Amino acid sequence: QLVLRGWKPNRFNISESFSHSSFIPKNYQHFMALVFAVTEVNKDFILLPNITLGFQIYSNFQDEISVSSNSIYLLSRGRLAPGYKCDQQDTLLSVVGDVSSKFSKQMASLFSIFKVPQFTQEGRAVYPPFFRINPKESAQYYGLVQLLLYFEWNWVGLLAPENDSGGHFLASLIPMLKEKEICLAFCEMLTSDYYRNLESKSYQIFNTWSKAEVMILFADHTSIANVQMFLYYHEQLKNTSFLKVWILTSHWKLNVRKPQDILRNGKPFHGALHFRDHAGDVSGFSHFLLSLDPLNPQGDVFLRPWWKNLFNCTIHQPGKISPKGKNTCTGKETLLKLPMYIFDTGMTDDSYHIYNAVYAVVHALHAMQGSETHPAMLRLGNRISNVQAWQVIFCRRKVPFARCGMKRCHAGERRSIPEGKQICCYQCAPCSEGTISNQTDQYPNKDNDHCIAKKLHFLAYEEPLGYALASLAFSLFVITFAILIIFLEHHGTPIVKANNQNLTYILLVSLLLCFLCSFLFIGQPRKITCLFRQISFAILFSLAVSSVLAKTVMVVLAFMATKPGNRTRKLLGKPLTNSIILACPLIQGILGVTWLVTSPPFPNLDFHSLVGETILECNEGSASMFYAVLAYLGFLAFISFTVAFLARKLPNSFNEAKFITFSMLVFCSVWITFLPTYLSTKGKSMVVVEIFSILTSGAGLLACIFFPKCYIILLRPSLNSREMIMRHKNL
């Protein structure tokens, strides 16, 4: 516990009750960081002129009673009456707490009553005067998870102390690990008496810790000592080191008192991965440490015992004989030769936090010194006895209000300048919808104060509409396939032979493929499906319409051939039908190939058309080619409809033109309404419109041309004869 006071003498005041035997060499630097900071401030004639700072240091011996008694002693000025001021010699300004969150909170429960500011390196702020001086661990958690992902480690063990900090560590880290699918081999809380009965518990501990090759250790100094003790005990018992990959947080500090201790305490951690807090390079601090002289400690009661323990030597005292076999400390020993794990001449992260804590208080006093509300601090040579500790917390003067507007605009709001007002007299209005971010893959939430990821928008098989259309397409495919089987089984009957049997099969197969091509429009658009879905649809429907056209032309030519002297009989036969069947789809195929070569369709993301969703669509590449393909298909349909309409009143014995006329009327009506509907929709609605048009127009051809014939074949076989066909109408 380091206590910062304001007082007149420029010297140290150190509690003699500190235990030298438990002193760790690295911890001495924390004390020196405090000394260095106070010395710097006292030499600065700008920050606190005419004011000299001092400090006191107390040891709590890691004991709750000592923590409470030291805290009460500070508040009572040595009397058992907290807040006693009659014989006040100096002013208690702030306290730097223990590195343990347990003891820091115990201290805060007392100091917060009197509003004494307390700085600590661990724990969360639970009282108003409680301040952290080290960074929060959340950044370490994120870095730790990224480290595990980088090495592809997903089976790790967790060790943490059984206290608030350890609980907070586990509660924060475990959900992050689960999110990234990193599993725990074990998770163990280390109690303060973990080292007791180590012999009986070693087998259980070893079995638990052996479950993972990677160990994450979040520990205070007590837990670290327990872990080191177990590892040392295991090595002595098994004659082998407990070697694991250790990942250590910034709380971890290796407890080494002598260079030889590293062989016992540090060997298992060789090659460990250690997160450390940021530490600044404070100029002059290394020189300050290197200038320490054990022969002239200048009131520092720690320096001589620390030096003797560090360099294994004795300091000669006048009138006493030095022990035999002991080296005499000359004061010329250099700290630079010591390993960094014993003592680092550069400022460590913990020392940097203490250094910043001193300057935080000093800058607060500096602000108070320039305030008119504290005239007592302006008198030369005066003590700062009139300053209370709670005033250090609130070092802030009231800033006058000088704004034209009433407030600053917050997240989700925008500036709006009323007409005739200056720019600084703005008002705050809610942001317009969709104007919070310029990131193209995000959209604002309902409050317009932050962005959230957009959902992908496409016609999926899993959603009801996609499932319904896929089921309808499959049903029509099955029906068409069944009709094809019926016609193949009754291929010798007159009703199948009528009006060119081969054209009937071509038309049925083209309708089968048309219904199947609907599946190219359902599901997530990909490069292949985008390239071929429009082309395949256009060519297959051109084949179907050209088959209908060929059937209609054959009806007309057959009627004309019955008239005396007409020469059209020589046109009847396969050459004409084959020419129509091949030429019409070939022209469509040439248009499709030109489309693919010049400007092919491709998958595209549309971020702007829908709020909250990103449309995953097929960009048609060239709109002119898309409309050219549709225009050609419409031209074929119009020609077929016209020829069929003109031939509808020919003798019924040879004529199915009435059925073709009605089927082409349905076909043309569907595609005439398709274009404006298609252009007025966005996203998957466009795809639904096109699929529905494909299925509806195909179903119209199927129903109007083939259902009457199937009715006769299956239900009225008596009508399926040449005599009946010649006699009855509308077959």
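Model, not experiment: these values are computed from the prediction.

1. Here we look at the sheet that holds strand β7 (residues 183-190)
Here five strands make up an open sheet; going across it, the order is β7-β6-β8-β9-β10 and the pairing parallel. Both outer strands of the open sheet, β7 and β10 (273-274), are each paired with one neighbouring strand and no more. In the packing of helix α5 (residues 164-179) onto the sheet, the strands contacted are β6 (155-161), β7 and β8 (214-217), and the crossing angle to β6 comes to about 160 degrees.

2. Brief notes about the packing of helix α18 (residues 623-646) against helix α19 (residues 657-679)
Running from N to C, α18 and α19 point in directions that differ by 155 degrees, and their axes come no closer than 8 Å. Taken together, the axes of α18 and α19 lie roughly antiparallel to each other. Here the hand of the crossing between α18 and α19 comes out left-handed. Here α18 contributes Phe-626, Tyr-627, Leu-630, Ala-637, Phe-638, Ser-640, Phe-641, Ala-644 and Phe-645 to the contact with α19, which in turn contributes Ala-657, Ile-660, Thr-661, Met-664, Leu-665, Phe-667, Cys-668, Phe-674, Leu-675, Tyr-678 and Leu-679. Counted by class, the contact of α18 with α19 contains 18 nonpolar, two polar and no charged residues.

3. Examining the sheet that holds strand β17 (residues 455-457)
As a general point, the strands of a sheet are linked pairwise by backbone hydrogen bonds and lie either parallel or antiparallel. Pairing within the open sheet is mixed, and its three strands lie in the order β17-β19-β18. At either margin of the open sheet sits one strand with a lone partner, and together these are β17 and β18 (602-606). Strand after strand, the sheet turns through a mean of 30 degrees between neighbouring axes, direction not considered. Of the pairings in the sheet, the one linking β17 to strand β19 (residues 613-619) comprises three bridges and is parallel in character. Opposite Leu-456, over in β19, you have Thr-614 as the bridge partner.

4. A few points about the UniProt feature "transmembrane region" (unreviewed entry) in the chain
When the UniProt feature table is mapped onto this chain numbering, "transmembrane region" (unreviewed entry) sits at residues 465-490, 502-523, 535-559, 580-598, 625-647, 659-679 and 691-714. Secondary structure across residues 465-490 comprises 96% helix and 0% strand; the distance between its end C-alpha atoms is 38 Å. Taken end to end, residues 625-647 is 96% helix and 0% strand, and its two terminal C-alpha atoms sit 33 Å from one another.

5. Topic: the nonpolar core
By size, the foremost hydrophobic cluster in this structure holds 68 residues, and its most contacted members are Phe-487, Leu-511, Phe-537, Met-664, Phe-667, Ile-691 and Phe-706. Those elements that place two or more of their residues in this core are α13 (464-489), α14 (494-497), α15 (501-517), α16 (527-561), α17 (574-598), α18, α19 and α20 (684-715). For this core, the element with the highest residue contribution is α20, accounting for 14 residues. Excluding residues that lie within four positions of it along the chain, Ile-691 makes contacts with Leu-459, Leu-469, Ser-518, Phe-521 and Ile-522. Leu-34, Phe-288, Trp-307 and Phe-343 belong to the second-largest nonpolar core, a separate cluster that totals 49 residues.

6. Some thoughts on the pairing of β7
The pairing of β6 with β7 spans seven bridges and is classified as parallel. Looking across to β7, one finds that Leu-158 is bridged to Cys-187. Handedness of the β-α-β unit built from β6, α5 and β7 comes out right-handed.

7. Re the state of the cysteines
Any covalent bond linking the sulfur atoms of two cysteines counts as a disulfide. Per the stated rule, a full pass over the model turns up two disulfides. Put simply, Cys-313 and Cys-329 are joined by a disulfide, and their sulfur atoms are 1.8 Å apart. Every disulfide takes its handedness from the sign of the S-S torsion; for Cys-313 and Cys-329 that torsion is 95 degrees, giving right-handed. Placement of Cys-313 in strand β11 (residues 313-314) and of Cys-329 in the loop between β12 (327-328) and α11 (349-369) is noted, with a sequence separation of 16 residues between them. A relative accessible area of 7% places Cys-313 in the buried class.

8. Quick notes on the packing of aromatic side chains
The tally for this structure, following the rule as stated, stands at 33 aromatic pairs. Summarising the aromatic geometry, the rings of Trp-209 and Trp-246 are spaced 6.3 Å apart at their centres and angled 80 degrees between planes, so their arrangement reads as edge-to-face. On the criterion of sequence distance, the pair formed by Trp-209 in helix α6 (residues 198-209) and Trp-246 in strand β9 (residues 245-248) is long-range, its members being 37 residues apart. The pair formed by Trp-209 and Trp-246 is uniform in burial state, with each residue classed as buried. For the pair Phe-667 and Trp-671, a centre-to-centre distance of 6.4 Å together with 50 degrees between the ring planes defines the contact as tilted. Pair noted here: Phe-667 and Trp-671 are both in helix α19, with a separation of four residues, about one helical turn. Taken as a pair, Phe-667 and Trp-671 share a single burial class, namely buried. An aromatic cluster is built from Phe-537, Phe-541, Trp-595, Phe-626, Tyr-627, Phe-667, Trp-671, Phe-674 and Tyr-678, whose rings are joined through pairwise contacts. Positioned above the aromatic ring of Phe-242, the side-chain terminus of Lys-244 is 5.5 Å from the ring centre.

Cut-offs used in this document
- Residues numbered from 1 in each chain as written.
- Predicted model: local features only at pLDDT ≥ 70, side-chain atom pairs only at ≥ 80, totals over all residues.
- Heavy atoms only, no water.
- Pairing = 2+ DSSP bridges.
- Helix = DSSP H or I, 4+ residues; strand = E, 2+ residues; numbered from the N terminus.
- Contact = heavy atoms within 4.5 Å.
- Axes fitted to C-alpha atoms, helices over the stretch in contact; angles between N-to-C directions.
- Parallel < 35°, antiparallel > 145°, perpendicular 65-115°, else oblique.
- Left-handed = near helix turned anticlockwise from the far one by under 90°.
- Nonpolar A, V, L, I, M, F, W, Y, C, P; charged D, E, K, R; others polar.
- UniProt positions renumbered as here; feature names shortened; annotations may be inferred.
- Core = buried A, V, L, I, M, F, W, Y, C linked by side-chain atoms within 4.5 Å.
- Buried < 20%, exposed > 50% of the residue type's maximum accessible area, 1.4 Å probe, protein only.
- Right-handed = clockwise from strand over helix to strand, strands pointing away.
- Disulfide = S-S within 2.5 Å.
- Phe/Tyr/Trp six-rings, centres within 6.5 Å; stacked < 30°, edge-to-face > 60°.
- Lys NZ or Arg CZ within 6 Å of the ring centre and 35° of its normal.

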